[in-house]
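Spelled out, the chains give:
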Amino acid sequence: MNIVTPKFGVGASALRKEDDALVRGKGRFTDDFHKPDQLYGYVLRSPYSAANFTINSIADAAAADGVKLIMTAKDVSHLGSIHCFTPVQQPDGTKCELRETPVLCDGQVRYVGDAVAFVIAESTRQAQDAAELIDIEWDDAEAVADMNDALAEDAPLLWPELGSNRVYLFEQGDEAGTDTAFDEAHHVTEISFINNRLISNFMEPRAALAEWNSQSESFEVILGSQGVHGIRNTLARHVFDMDPERIRVISGDVGGGFGTRAHNYREYALVMEAARRLDRPVKTVADRSEHFVADAHGRDNLVSARMAMDENGRFTALRIDVKANMGAYLSGFGPSIPLFGAMMATGVYDIRTHHLRIQGVYTNTTPVDAYRGAGRPEAALLLERLVDACARETGIDPAELRRRNFIKPEQFPYTTVSGREYDVGEYQGHLDRALENAGYADFAARAEEARSRGRIRGLGISVYIEACAFAGSEPAHLQLNDDGTITLFIGTQTNGQGHATAYSQFIADRIGIDFEKIIVKQGDTADLAKGGGTGGSRSVPLGGVSVDRAGEILARQMRQIASNQLEASADDIELVGGEARVVGTDQKISYENLAAAAEDKEQLKAVADIKQDEATYPNGTHICEIEIDPETGHLEIVNYNIVDDFGVVVNPVLLLGQIHGGAVQGIGQCLLEGASYTEDAQLLTASFMDYAMPRADNMPSFKFETRNVPSTTNAMGMKGAGEAATIGACPAALNAVIDALDRAYGIRHIEMPTTPQRIWSAIREATGG
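As a starting point, this report considers the structure included with it.

Rules used in this analysis
Residues numbered from 1 in each chain as written. Predicted model: local features only at pLDDT ≥ 70, side-chain atom pairs only at ≥ 80, totals over all residues. Heavy atoms only, no water. Pairing = 2+ DSSP bridges. Helix = DSSP H or I, 4+ residues; strand = E, 2+ residues; numbered from the N terminus. Axes fitted to C-alpha atoms, helices over the stretch in contact; angles between N-to-C directions. Contact = heavy atoms within 4.5 Å. Buried < 20%, exposed > 50% of the residue type's maximum accessible area, 1.4 Å probe, protein only. 1 Å grid on protein atoms, 1.4 Å probe; cavity = no way out; pocket = protein on both sides within 12 Å on 5 of 7 lines; lining within 4 Å. Points joined across faces, edges and corners; volume = space filled by probe spheres on them. Patch = residues over 30% accessible without salt bridge, like charges linked within 9 Å, V, L, I, M, F, W, Y side chains within 5 Å. Areas by Shrake-Rupley, 256 points an atom, 1.4 Å probe, with all protein chains shown as cover. Salt bridge = Lys/Arg side-chain N within 4 Å of Asp/Glu carboxyl O. Lys, Arg positive; Asp, Glu negative; His and termini not counted. Charge placed at Lys NZ, Arg CZ, Asp CG, Glu CD.

1. Here we look at the sheet that holds strand β25 (residues 605-608)
- Pairing in this open sheet of four strands is mixed, and the strands run β21-β20-β19-β25 from one edge to the other. The open sheet has two edge strands with one neighbour each: β21 (518-521) and β25. Pairwise comparison of adjacent strand axes, ignoring direction, gives a mean angle of 15° for this sheet.
- Where helix α14 (residues 499-510) meets the sheet, its contacts fall on β19 (476-480), β20 (486-490) and β21, and the angle it forms with β21 comes to roughly 130°.
- The sheet contacts of helix α15 (residues 539-566) involve β19, β20 and β25, and relative to β25 the element is tilted by about 145°.

Laid out in structure tokens, this is it:
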């Protein structure tokens, strides 16, 4: 058998095949879908962070031009709440009680943006105008936004029947052993900081379009998602109490996900119920202001951490205490996000004793859930900031301190104290390479040159590891079509990553075919019975392996059909250029004719579902060098180097895009982004006027390379890369800022975002200015 590897196979820098349609304006996002006779819905939201309310009348609103229906809590009382999947087990063995988001609030709201009513009209503007006519009597109540305030004995309770605003207590590790290690430590370093709240701000605001079929008593819902099957199953089982087969969910092109689109929202149930009541399609499209208050936020932790060290700077124990903001309700995966951080608490370091404590906390704020990295960025920021603080206090070079404490290559496979099973790793290798690329040895000279110009420089290191592509699988279904094209059906969901390109590369490796003749279909529950969706960098490491195996199976079946037609051994058949050929002859058959020749059409299909038993662990080093103008606090990133270990790389161009985008989001959290509430829980940063997004002129030219060690867990050696740069970037940038401020002014603490105003104020305070 002769296998011809095409130029678009695995490892090739194939350009994104999705982009032609997108740059020509031919993409189909949710708002590009339309149904005949469709109506438009608008959610009336609470302006109060905590209040009781009575709807006195909807008569004027119902009589307004174009209005077809107004729904309040009593109209949706038969529907279930928006489900939370992850109750946390506490030290006493109980699981925390869940307080889930209602489809519409019944007499009480708990955060600004809470949903009160749903107005359906002939146009969005008519629905918005009518919503203003709903007569509501508000009785505002005391609210709490700060987690420490929420845990105080006299705090106003969001859920009085629980007796506290604490959602759960989670503990991990050996408390007694950790106590002993700290008692015996030669030195202890302690830090406390805020991991600032973020708003994802994907480019495409959420939208949904629902249609009810009264004959089959079934729904069709079009919405942007990170996986249609999960959305469908939750709506069916937890909201509508119906057979999932009676709900078809479709996602077209999706303008960004970042974890925020991974779960259900009220609007999906609302448009469905309205469509069923009116027997007309109903669409809702959020504006940017709604996104700020209504879509799940990310991060928002209060963190304290301590490291115990021996006389040689070896880490002997780690203690962590985290308060994690859950918001007013428990979002789909919200309670578990801090636990994803807990499992990576010790990072790349050989720390054998630890104890951590996490408290989930209710506040009168928008619910919090996964945001790119989902707990792992929080863990890396905590650990890498703590390691830099250890270096400062002990006087050990921060790179050398990391080397002394790395898990060594000969220690793999390595089981962490939190139970993760690391397969491979060469952490010092990528650290040393990044230091070389960054000119680490010459940094002091650059810092001195900057000082001569009245500037201060800092350099920050971050060595991260993450767990992704968790144990499981993603089935792939391949089909050779009558016209010679090949269709892949798979249950992941692209949000802009380039899935169609990456998956096509696996297929092109197995079946020689024009790249454009491979059709990738995602985002329709009618196509597949199940699908795991996209999240946790799982799509290519899990889905890609199954696609590769399905391609292998289909190629074998195609060669067998061709061997019958060409009267040659299947081992002598090569698949290349859309044809099956007998090697060394001019005998050949096109894929189109091959499809027609198949006596058993099942031979034209192949399914593979390759299971993976453990997560993969991408890792790497980020080094950020910054320069600050002390007179203004203005900061510039002057040098940024990344050396990563992603195992086998499918497409270097796609990988580069993931790294650039992820690094921008991590740096954005450090330097620019941050959602802020007043003491009474009014959102201050509710628009782009107040919430700073990263821009091109804030970012450096990234210098990126890989130093890959193939995974032994993944069948093809891949590790996943969708979240890695976000995890590594934020601590590198923050460590650089602190390094600069410490060198010049002895400032060793600053909260994020490290805006010019915050930097300037810190310098003024330190200098008595």
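Anyway, onward from the coordinates.
2. Some thoughts on the side chain of Q359
- When you line up the elements, Q359 lands in strand β15 (residues 354-362).
- Exposure remark for Q359: the relative accessible area of 8% places this residue in the buried category.
- Aside from chain neighbours lying at most four places away, what touches Q359 is L151, R166, Y168, L169, V322, K323 and A324.

3. Concerning the sheet that holds strand β10 (residues 218-223)
- Here we have seven strands laid out as an open sheet, ordered β3-β5-β1-β12-β9-β10-β11, and mixed in their pairing. Edge strands, defined here as strands with exactly one partner in the open sheet, are β3 (67-71) and β11 (247-250). Sheet twist, expressed as the mean angle between neighbouring strand axes with direction ignored, is 20°.
- Direction of pairing for β10 relative to β11: parallel, over a ladder of four bridges. The partner of I222 across the bridge, within β11, is I250.
- Across the sheet, helix α6 (residues 228-240) touches β10 and β11, and the angle it forms with β11 is around 145°.
- Set on the sheet, helix α7 (residues 266-278) makes contact with β1 (39-45), β3, β5 (115-121), β9 (207-213), β10, β11 and β12 (282-285); between it and β9 the angle comes to about 30°.

4. Here we look at the layout of surface pockets
- The computed volume of the second largest pocket comes to approximately 650 Å³.
- Looking at the second largest pocket, it is lined by 29 residues, and the ones nearest its centre are I194, N196, A675, S676 and Y677.
- Among the elements that take part in the lining of the second largest pocket, strand β8 (residues 187-198) stands out by supplying three residues, more than any other.

5. Some words on a negative patch on the surface
- On the surface, E142, D146, D149, E153, D154, E679 and D680 cluster together into a patch of negative charge.
- The residue D154 is located in the loop between α4 (147-150) and β7 (166-173) in this model.

6. Things to note about the pairing of β19
- Going residue by residue along β19, you find A476, L478 and L480 tucked away on one face and H477 and Q479 left uncovered on the opposite face.
- As judged from the four bridges shared by β19 and β25, these two strands associate in the antiparallel manner. Residue pairing across strands places H477 opposite V607, the latter belonging to β25.
- As paired strands, β19 and β20 are joined by five bridges and run antiparallel to one another. Paired with A476 across the strands is I490, a residue of β20.

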